[in-house]
Amino acid sequence: MRALMMLAALLIAAPAAAGEQDIVLREGQGRDLVAANCQICHSLDYIQINSPFLDQKKWEATVTKMIERYGAPIDPANMPAIVSYLSTNYGSKGTP
Amino acid sequence: MLSRRQLLRSARDGTLVFGSAALGSYLGLPRSSWAEAMAPVTPGVSAGTEASARLVALPGKVPLIKLTYRPPNFETPLKYFNDVLTPNDAFFVRFHLAVIPEVAVATWKLSVKGDAVTSAAEYTLDELKTGFEQVEIVAVNQCSGNRRGLARPHVPGIQWGYGAMGNARWKGVRLKDVLDKAGVKDDAVEVGFDGADHALIGQTPDFVKSIPIWRALDENTLLAWDMNGEPLPHWNGFPLRLVVPGWTGTYWIKLLTSIEVRSKPLNEFWMTSAYRLPKGIFPVVRGFTSQATDINTPITEIVTNSLITNLVDGDKVAAGRSLEVKGIAWDGGFGIDTVEASVDAGQSWRPAALGEDLGRFSFRPWSYQFVPEAGTHVVMVKATNRLGQSQPREAIPNPAGYHHNPVQTISIVAA
């Protein structure tokens with residue numbers, strides 16, 4: 001139990017949770033930019049589970065929500081590349 | 001034993017994962033919990049969820065269905081719902097914000113304050129335990145977005161299947177008793193709650209919630225430190241959490257640190273923008289009027305629901321032999337009245353036998369027996385509570401995919 005507590009304290013102190021380093025996003029233009037911006041606040045499996053059912057407009061709305069509601073420090077200049085990566089690699093491509 | 005440096009390095013290299021052999025060995029966990037496996041996700045969740053969900057054990061937990069690592073969102077596999085009380089180490093984990101401190105009881109304090117109390121107070125855990133009458137209640141803790149992953153069309157959010165819920169025996173003190181001691185003024189409208197968890201960056205709204213004063217003074221609303229006879233697990237709110245039986249989990253603030261009795265509604269993101277439903281689409285006996293607008297209202301009462309726990313869609317069973325279909329039913333705390341099963345795709349319904357009654361806020365077990373002939377059988381189940389609230393045939397669409405409670409339908413094959 002003591003080992004568990006020590007380990008938990010250690011992991012919580014770290015910005016990343018154990019295990020999330022194993023998440024591999026799909027190859028594609030903008031992947032590094034997406035990884036760098038999104039994992040400031042959360043692990044990248046948030047992207048994986050929310051796929052593939054959001055079209056470009058809905059991915060844009062999602063990223064906008066992250067900025068406006070959750071205060072994500074994303075440079076507006078990077079928005080188009082981020083949305084393009086997400087909708088190309090994790091989007092619905094027009095299928096509802 | 002691995003050193004701290006080795007642990008950090010292997011974490012960075014990606015060789016350390018919950019569920020890995022190295023960590024399993026380090027923690028002395030049984031081998032069965034090491035192997036990373038594809039998770040038994042609920043049929044109908046998104047393809048991306050099916051592909052990325054894993055069975056992963058957080059420290060102190062059995063392997064649960066990992067949807068997201070950080071903040072941690074882990075759901076309970078179906079098999080654990082065959083027990084009416086959900087084991088602590090299998091109880092689901094849901095956090096909005098990534099920083100979840102290990103609380104030391106020696107320094108932890110609960111503050112009771114606000115412009116609508118006459119005397120603010122602070123309590124240690126021991127002072128709470130000895131200063132007020134201790135009470136117990138069995139109650140379902142269900143995430144508002146449980147089964148969101150089954151919404152059609154899919155809606156963004158944590159893509160939960162069946163398991164963002166659990167049923168436990170909570171022990172603590174009545175919030176009412178603590179508030180009475182502080183002296184609630186006549187102009188109190190809401191009570192706000194904050195926990196020790198917080199965001200990684202300051203711009204993210206802190207997770208704070210409020211409930212109406214009448215709900216805070218309800219004798220069933222507790223400040224609980226004990227769950228199924230043990231201290232709350234860290235992941236479920238140690239050392240103290242709010243328990244609001246009948247209402248969805250969003251109000252059950254974990255790692256509770258402050259209680260604020262307010263003369264004005266709490267005007268924060270998690271109240272005014274999140275966890276809201278279009279007005280009038282779900283039944284509500286007593287609403288949250290101080291937070292309602294003309295168009296929407298906070299989610300509150302859990303809707304009537306049921307779940308088959310021993311069979312899943314596509315299961316093969318023996319033809320010509322008695323088959324038990326079993327499961328659980330629950331509602332917003334009015335109590336389950338009947339559970340009915342159909343084994344002919346809804347053409348005819350028969351009552352299921354209700355099991356042990358642990359109170360109106362608890363899961364209610366049920367079972368139904370029939371002898372399937374060879375072939376495919378469409379099995380359905382629906383619950384009705386004592387107010388006559390039942391389950392719709394189709395889910396009621398809403399933007400965030402809350403309150404998913406359509407009649408469950410599975411096909412089984414007897415041979």
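Heads up: the structure comes first, above all this text.
Computed from a prediction, not measured in an experiment: that's the story for all the values here.

J.: Honestly, empty space enclosed by the protein in this entry has me stumped. Any pointers?
T.: Sizing a probe to match a water molecule and rolling it over the atoms shows the empty space that remains. Residue and element names in this part refer to chain B. With the rule as written, the count across this model stands at 4 cavities of 30 Å³ or more. Counted as a void, the largest cavity has a volume near 180 Å³. Along its surface, the largest cavity is lined by 18 residues, and Phe-92, Arg-94, Arg-241, Gly-249 and Lys-254 are the ones closest to its centre.

J.: Honestly, the sheet that holds strand E18 (residues 305–308) of chain B in this entry has me stumped. Any pointers?
T.: Whenever strands of a sheet pair, they do so through backbone hydrogen bonds, lying parallel or antiparallel. Taking strand neighbours across the sheet as the criterion, the 4 strands line up as E18-E20-E24-E23 (chain B) in an open arrangement whose pairing is antiparallel. Where the open sheet ends on each side, the last strands, each with one partner, are E18 and strand E23 (353–354) of chain B.

J.: Explain unusual backbone geometry here, please?
T.: Note on backbone geometry: most residues besides glycine have negative phi, and most peptide bonds are trans. A:Pro52 follows A:Ser51 through a cis peptide bond whose omega is 0°. Along the chain, the position of A:Pro52 falls in the loop between helix H3 (45–49) and helix H4 (56–68). Note the cis peptide between B:Arg70 and B:Pro71, where omega equals -10°. Relative to the elements of secondary structure, B:Pro71 occurs in the loop between strand E3 (64–68) and strand E4 (73–75).

J.: What should I look at first to understand the nonpolar core in this one?
T.: General note: in soluble globular proteins, nonpolar side chains tend to be found buried as a group. All names here are of chain B. Among the nonpolar cores identified, the biggest contains 107 residues, and Trp-170, Leu-223 and Ile-259 are the most heavily contacted of them. When residues no more than four places from it in sequence are discounted, the contact partners of Ile-259 are Leu-110, Ser-111, Val-112, Lys-113, Leu-175, Leu-179, Val-191, Gly-192, Phe-193 and Leu-223. Counting residues in each nonpolar core, the second largest holds 19 residues, with Ala-329, Val-379, Val-381 and Ala-383 among its members.

J.: Where do I start with the packing of helix H2 (residues 31–38) of chain A against helix H5 (residues 79–90) of chain A in this structure?
T.: When two helices pack together, their arrangement is given by the angle between the helix axes and the distance between those axes. All names here are of chain A. The contact between H2 and H5 brings their axes to 9 Å, and the two run at 105°. Relative to H5, the element H2 lies roughly perpendicular. Here Arg-31, Leu-33, Val-34 and Asn-37 of H2 lie close against H5, whose contacting residues are Ala-81, Ile-82, Tyr-85 and Leu-86. Its residues assigned to classes, the contact of H2 with H5 comprises 6 nonpolar, 1 polar and 1 charged.

J.: How do you make sense of the environment of B:Val178 when you look at a structure like this?
T.: Looking at where B:Val178 falls in the secondary structure, it is placed in helix H5 (residues 175–182). With near-sequence residues (within four places) excluded, B:Val178 lies in contact with B:Val112, B:Tyr123, B:Leu128, B:Phe132, B:Val173 and B:Leu223.

J.: I keep staring at the sheet that holds strand E10 (residues 190–195) of chain B and nothing clicks. Help me out?
T.: All names here are of chain B. The sheet built from 5 strands is open, its strands ordered E7-E6-E15-E10-E11 with mixed pairing. Sheet topology places strand E7 (121–123) and strand E11 (208–212) at the edges, where each strand pairs with a single neighbour. If you compare each strand with its neighbour and ignore which way they point, the axes differ by 15° on average. Bridge count for E10 against E11 is 5 bridges, and the pairing is antiparallel. Paired with Val-191 across the two strands is Ile-211, which belongs to E11.

J.: Even after reading the chapter, I still don't get the state of the cysteines, so can you show me in this structure?
T.: Each disulfide consists of a covalent bond between the sulfur atoms of two cysteine residues. Going through the model one piece at a time under the given rule, you end up with 0 disulfides over all chains. A:Cys41 carries a free sulfur, and the closest cysteine sulfur to it, the one in A:Cys38, is 9.2 Å from it. With no disulfide of its own, B:Cys143 lies 20 Å from the sulfur of A:Cys41, the closest cysteine sulfur. The exposure class assigned to B:Cys143 is buried, which follows from its relative accessible area of 8%.

Criteria and thresholds
- Residues numbered from 1 in each chain as written.
- Chains lettered and ligands numbered in written order.
- Predicted model: local features only at pLDDT ≥ 70, side-chain atom pairs only at ≥ 80, totals over all residues.
- Heavy atoms only, no water.
- 1 Å grid on protein atoms, 1.4 Å probe; cavity = no way out; pocket = protein on both sides within 12 Å on 5 of 7 lines; lining within 4 Å.
- Points joined across faces, edges and corners; volume = space filled by probe spheres on them.
- Pairing = 2+ DSSP bridges.
- Helix = DSSP H or I, 4+ residues; strand = E, 2+ residues; numbered from the N terminus.
- Core = buried A, V, L, I, M, F, W, Y, C linked by side-chain atoms within 4.5 Å.
- Buried < 20%, exposed > 50% of the residue type's maximum accessible area, 1.4 Å probe, protein only.
- Contact = heavy atoms within 4.5 Å.
- Axes fitted to C-alpha atoms, helices over the stretch in contact; angles between N-to-C directions.
- Parallel < 35°, antiparallel > 145°, perpendicular 65-115°, else oblique.
- Nonpolar A, V, L, I, M, F, W, Y, C, P; charged D, E, K, R; others polar.
- Disulfide = S-S within 2.5 Å.

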